[in-house]
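Take a look at the letters that make up each chain.
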Amino acid sequence: MNVQTARNQPLILSGRDVTAILGPTNTGKTHLAIERMVAHESGVIGLPLRLLAREVYQRVCEKVGANKVALITGEEKIQPVGAKYSVCTVEAMPRETDAAFVAIDEVQLAGDLERGHIFTDRILHLRGRQETLLLGAPTMRGILEKLLRGVSVLTRPRLSHLAYAGSKKLTRLPRRSAVVAFSADEVYGIAELIRRQQGGAAVVLGALSPRTRNAQVALYQSGDVDYLIATDAIGMGLNLDVDHVAFAQNRKFDGYQYRQLTPAELGQIAGRAGRHTRDGTFGVTGRVDPFDEELVQRLESHDFDPVKVLQWRTAQFDYASIDALKRSIETNAPVEGLTRAPPAVDAQALEQLSKDGDVKALAATRERVALLWEVCALPDYRKIAPAQHADIIANLYFDLAKRGHVDEDYMAEQVRRADTTEGDIDTLSHRIAQIRTWTFVSNRPRWLADPLHWQEKTREIEDRLSDALHERLTKRFVDRRTSVLMRRLRENIMLEAEINAAGTVMVEGHHVGELQGFRFTADQSAGGEDAKAVRNAAQKALATEFETRAERFSSGPNGDIALALDGTIRWIGAPIATLTDGEDILKPRLVLLADEQLTGPARDKVAARAERFVNYQIESQLKSLLDLKQAEQLSGIARGIAFRLVENLGIINRREIAEDMKSLDQDGRAALRRLGVRFGAYHIFVPALLKPAPAGLVTLLWALKNDGKYKTGFGDVVNALSTGRTSLVVDPAFEPEFYRLAGYRVLGKRAVRVDILERLADPHSPGSGVESRNRNSP
C-alpha cells in the first residue's frame, strides 16, 4: 500500500481491551499502572516527562530487577539484553509493540497545542497484546468514549481532601508549601525572598535538567528547606510532600500567547497538595487576586470542562519530495473529535529548511527526504529562534546525507563549548540546554560513527553541569545554617551554643552573632521562623558568659582597661561603658554599654569596677587639680585662685585675675607653688596638666560638660600635643577652647604651648633672649 492510499484510508479506531483509569491528582493511577505492568510478562509505559520516566524506571527496577527494565527517552537509553519492561517518555514510545501491556500516563496532554499530537497518536494506535491502560484526568472521559468505541472507563476518587485556604503573604506561607510561578525570573525572585525570610527554598523549572531537578526535589523532600518554588512542571506527577500550593501567578505564556490558566490546569497544579490520605490546601499569594467562589468550588470538587478535541497529526508522511512531505503534514483530521495540530518544532524547522536551495538540492530522493524529516525531530532545548535551530539541523543533515554520520570534529567542537562548569545560574542553564542537544544526537541510531563514546561523554558533561547548577541554586537560594537549624528544631533537639575567645557566638556550629564586651550583635542574616529559637539558644549561652565575664572584669587589672579620648571605656578592646556629663565636671557619670541580660549582682560588679577605674584615672592624671580643690590649707585670695584654676581645668590667663594677683601675698603664692601651680608672665597654670594624658582627660571632661564631643577639633589638638609639637598653625574651624585645654595659647595664626611661651618671657630661662623683665609685675 502506498502512502497516498494509506492516507486516504478511513481511520478505524477501537477501544477493545483498552481501559481508561481516570481521576484527579493523588488517586494512585501511576502506582496502579506499575503494579499491572509487572503482573504481565512484558510491558511498555509512557510518561510525560523524562524526570517522571526516571522515577518510574527506578520503581520498576526495585520490583523486578534492573536487568529486566529498559529506560528509553530522547536523551537516554538503558537497554539491558532481554529487557521485558520498557519505561519511556511518550515521544520515545514505539508506534507498534508486541508487549503484553501498554500504559500511557497523563493522557489529557493530548489536548496540548505543542505536544498533544504525539499523545493522541499513542492513544489511538498503541496497544498491548493483553491490556492497555490510559491514565488521566476525568475531563478525558467523553472524548475517549467518543473516539475509542468499547473503551472501559474506571474512575478513582482522590485519596485526600483539597481545600481553599485563601490569600496569604509570601512571608506568611506555612511550611511544606509550593509556590507556583510561570517564569524563571519570577521563580528566582520569590526564592530569593523566601531565603531571606525563611532560610531557603528549592526550585523546580522545566528548563532544569532531570538531574538538577531531582537534586532540588531531594533538598525539599529531605527537609533541608520547607519551601519549593516551581513552575507548572510540578503539576505532572512529581511525588512531593506538599501540604499547601500557593499561586504567585495565574497567567502563563503557552508558546503562542499570554493567557489565564484554565480551571483544569489550576486543578492539576493545586492537586499536588496533600499526599495519600493527608489533606492539602491551595491558595494565592503575591499579586494574584483571591479566587472567586465558583472557581474554588470547581477546584475543590475537581469539576472541570471536558476535553472536546484532541490535537492530531498524520503519521502517514509522503517522502516523495519536501513539498509532498509538507502537504502530508497538513492533512486534516479524519474524524470528529480530532483537530489538526499547529505546526510543531519539527514542522517549523522543515518550513525554514525548505527555503534553503542546498537542502532542497540534497533532498532529491525519498530516502533523503525521510532523513531530513528524521533530523527535523531534533528538539529545541535552547528555545532559540526557528532560523537558528534550522541552521543546526541543516549542518547535521548535510553531514548525514553526504558522510553517512555527523562529522566527529564538528561534534567535538559543539560538545567542547558546553564543557565548562564556570558561570552563573543562567549560564549553566544555557549550557545544559546546549549539551542536551548533543546528548539527543548521540542517542539517534546511525547518526554517529562512535555513538557509545559520545553518549558517555555528553552524559558525563550534563551530569557535571547539572551538579554545578544545583550547587549554584543551593548557594543562592538556601541559607545552609538556617536549614540545618530548622531540621534540629523540627526534631525538637536542644540547640548547642558556644562562644569562642574572640566573642564569636555559634549555635550548632553556625555563626549567629558576636559578643563584644557585654553586648551581643546578632548576625542580620539569621532570620526566618527559626530566628527566635536560635536567639533563645544563643541567649542561654550568653547568660552564663555574662556572669563569667562580669567576674573576670571586676577582678581584672587596670592594664586590661582603657579610657579612650571620646570617653569610651574599653576592656581588652571591647567597649563596656561610656562617660557622660555629671553634676561635678571632675565626677562624670558612667553609662554601661551592656545588654539587659547583664543584671543583678553581675551588673553591679561591672559598674563598680568601671567606676573605680575612671576614678583612678582622674585621681592619678588630674591629681594636681584635685589637690587644689581639696586644699584646706589655703585661705583668702589663694583659695579663690585655686578655685578658679579648678574651674578652668588648670590654666588661666593672668590678665583675667590681675587684681587678685596684686593682692596675693608671698605665703599664698608659696602655698600654691607647693600644690604645682606656676605663675608665668601671661598665665597661671599647672604644668603637670600639659602632658598628653592629663590634657586629653581635661579636654574630655570639658567636652562632656559643654556638649563638645561633636565640635570640630575635638581630640585633634591633644593628638598634636602628644607628638611633641610646641606650636601649631591655628585651624579657624576648631573650637578655641580645645587649644587652651591642651595647654596652647592662640597668638594670631599660631598657637604656642604656654610653658614654652612663659620660658621665652623669663629672662632667667636659658636661651630666652629676654634682656629684662620685672618678675614682680602682675
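Reading the values: the criteria
Residues numbered from 1 in each chain as written. Predicted model: local features only at pLDDT ≥ 70, side-chain atom pairs only at ≥ 80, totals over all residues. Heavy atoms only, no water. Helix = DSSP H or I, 4+ residues; strand = E, 2+ residues; numbered from the N terminus. Buried < 20%, exposed > 50% of the residue type's maximum accessible area, 1.4 Å probe, protein only. Contact = heavy atoms within 4.5 Å. Areas by Shrake-Rupley, 256 points an atom, 1.4 Å probe, with all protein chains shown as cover. Lys, Arg positive; Asp, Glu negative; His and termini not counted. Charge placed at Lys NZ, Arg CZ, Asp CG, Glu CD. Phe/Tyr/Trp six-rings, centres within 6.5 Å; stacked < 30°, edge-to-face > 60°. Lys NZ or Arg CZ within 6 Å of the ring centre and 35° of its normal. Salt bridge = Lys/Arg side-chain N within 4 Å of Asp/Glu carboxyl O. pLDDT = per-residue confidence, 0-100. 1 Å grid on protein atoms, 1.4 Å probe; cavity = no way out; pocket = protein on both sides within 12 Å on 5 of 7 lines; lining within 4 Å. Points joined across faces, edges and corners; volume = space filled by probe spheres on them. Nonpolar A, V, L, I, M, F, W, Y, C, P; charged D, E, K, R; others polar. Pairing = 2+ DSSP bridges. Axes fitted to C-alpha atoms, helices over the stretch in contact; angles between N-to-C directions. Parallel < 35°, antiparallel > 145°, perpendicular 65-115°, else oblique.

### Some points on the overall build of the protein chain
Point 1. A count of helical and extended segments in the protein chain gives 28 helices and 32 strands.
Point 2. For the C-alpha atoms alone, the extent of the protein chain along its principal axes is close to 140 × 60 × 50 Å.
Point 3. In the protein chain, which comprises 778 residues, the share counted as buried stands at 52%.
Point 4. The contacts in the protein chain between residues at least 6 apart in sequence include a share of 68% that link residues at least 24 apart.
Point 5. Surface exposure of the protein chain reaches about 36100 Å², of which carbon and sulfur atoms provide 48%.
Point 6. Placing the 105 positive and 102 negative side-chain charges of the protein chain at their respective mean positions leaves the two points 2 Å apart.

### Points about the packing of aromatic side chains
Point 1. For the structure shown, the criterion picks out 17 aromatic pairs.
Point 2. Residues Phe 247 and Phe 291 carry aromatic rings whose centres are separated by 5.8 Å and whose planes lie at 55° to one another, so their mutual orientation is tilted. In this pair, Phe 247 sits in strand E13 (residues 244–247) while Phe 291 sits in the loop between strand E16 (280–284) and helix H9 (293–301), placing the two residues 44 residues apart along the sequence.
Point 3. Directly above the aromatic system of Tyr 220 lies the positively charged group of Arg 176, at a separation of 3.8 Å from the ring centroid.
Point 4. A cation sits over an aromatic face here: Arg 444 above Phe 440, 4.0 Å from the ring centre.

### Observations concerning the pattern of salt bridges
Point 1. Within the structure shown, the criterion is met by 47 salt bridges.
Point 2. Among the ionic pairs, Glu 647 bridges to Arg 644, the shortest N-O distance being 4.0 Å. Linking Glu 647 with Arg 644, this pair stays in helix H22 (residues 636–647), spanning three residues, or about one helical turn.
Point 3. The class of Arg 644 is partly exposed, set by a relative accessible area of 26%.
Point 4. The network of salt bridges with shared partners includes Arg 50, Glu 75, Arg 436, Arg 459 and Glu 462.

### Topic: the confidence of the model for the protein chain
Low-confidence regions, as indicated by low pLDDT, have predicted coordinates that should not be scrutinised in detail.
Point 1. When pLDDT is averaged across the protein chain, the result is 88; 92% of the residues are at 70 or more.
Point 2. Below pLDDT 50 for its whole length, residues 1–10 participates in 12 contacts with residues either more than four positions away or in separate chains.
Point 3. Low pLDDT (under 50) marks residues 767–778, which in the prediction has 16 contacts with non-local residues, meaning those over four places away or in another chain.

### Digging into empty space enclosed by the protein
Point 1. Under the defined criterion, the tally for this structure stands at three cavities of 30 Å³ or more.
Point 2. Roughly 50 Å³ of volume is contained in the largest cavity.
Point 3. If you go around the largest cavity, the residues you meet are Leu 649, Gly 650, Ile 651, Val 686, Leu 689, Leu 690, Val 698, Arg 740, Leu 741 and Gly 743.
Point 4. Along the lines of polarity and charge, the residues of the lining of the largest cavity split into seven nonpolar, two polar and one charged.

### Overview of the sheet that holds strand E30 (residues 727–729)
Point 1. Overall, antiparallel pairing links the three strands, which are arranged E30-E32-E31 in an open sheet. The strands lining the two open edges of the sheet, one partner per strand, are E30 and strand E31 (744–747). Across the sheet, the axes of successive neighbouring strands diverge by a mean angle of 25°, strand direction being ignored.
Point 2. Where E31 meets strand E32 (residues 750–753), four bridges bridge the pair, whose relative direction is antiparallel.

### What about the sheet that holds strand E27 (residues 651–653)?
Point 1. If you walk across this open sheet you meet the three strands as E27-E29-E28, and the pairing is antiparallel. Strand pairing shows two members of the sheet lacking a second neighbour, E27 and strand E28 (678–679), which therefore form its edges.
Point 2. Here helix H28 (residues 754–761) sits on the sheet in contact with E27, E28 and strand E29 (683–685), set at roughly 130° to E29.

### Looking at the environment of Glu 96
Point 1. Structurally, Glu 96 is set in the loop between strand E5 (85–89) and strand E6 (101–104).
Point 2. Of the residues examined, Glu 96 reaches a relative accessible area of 71% and is grouped as exposed.
Point 3. For the pair formed by Glu 96 and Ala 703, sequence separation is 607 residues and the distance between their alpha carbons is 95 Å.

### Some thoughts on helix H10 (residues 322–329)
Structural remark: α-helix, 3.6 residues per turn; residues separated by three or four positions point the same way.
Point 1. In terms of residue burial, H10 counts as a mostly covered element, since six of its eight residues are buried.
Point 2. Those residues of H10 not exposed but buried are Ile 322, Ala 324, Leu 325, Lys 326, Ser 328 and Ile 329.

### Some details on unusual backbone geometry
Point 1. A positive phi angle is found at Glu 106, which is not glycine, with a value near 55°.
Point 2. Note on placement: Glu 106 falls in the loop between E6 and helix H4 (116–125).
Point 3. The exposure class assigned to Glu 106 is buried, which follows from its relative accessible area of 8%.
Point 4. One non-glycine residue with positive phi stands out, namely Asp 707, at about 50°.
Point 5. Looking at the secondary structure, you find Asp 707 in the loop between helix H25 (692–705) and helix H26 (716–722).

### Brief notes about the pairing of E16
Point 1. Here E16 lies mainly inside the structure; four of its five residues are buried.
Point 2. Bridge count between E13 and E16: four bridges; the pairing is parallel. By the bridge assignment, Phe 247 is partnered in E16 with Val 284.

### Re the packing of helix H6 (residues 184–198) against helix H17 (residues 451–477)
Point 1. Relative to each other, H6 and H17 sit at 50°, their axes nearing to 8 Å. Here H17 runs oblique to H6, going by the angle between their axes. Contacts between H6 and H17 involve Tyr 188, Ala 191, Glu 192 and Arg 195 from the former and Leu 473, Arg 476 and Phe 477 from the latter.
Point 2. Here the contact of H6 with H17 is composed, by residue class, of four nonpolar, no polar and three charged.

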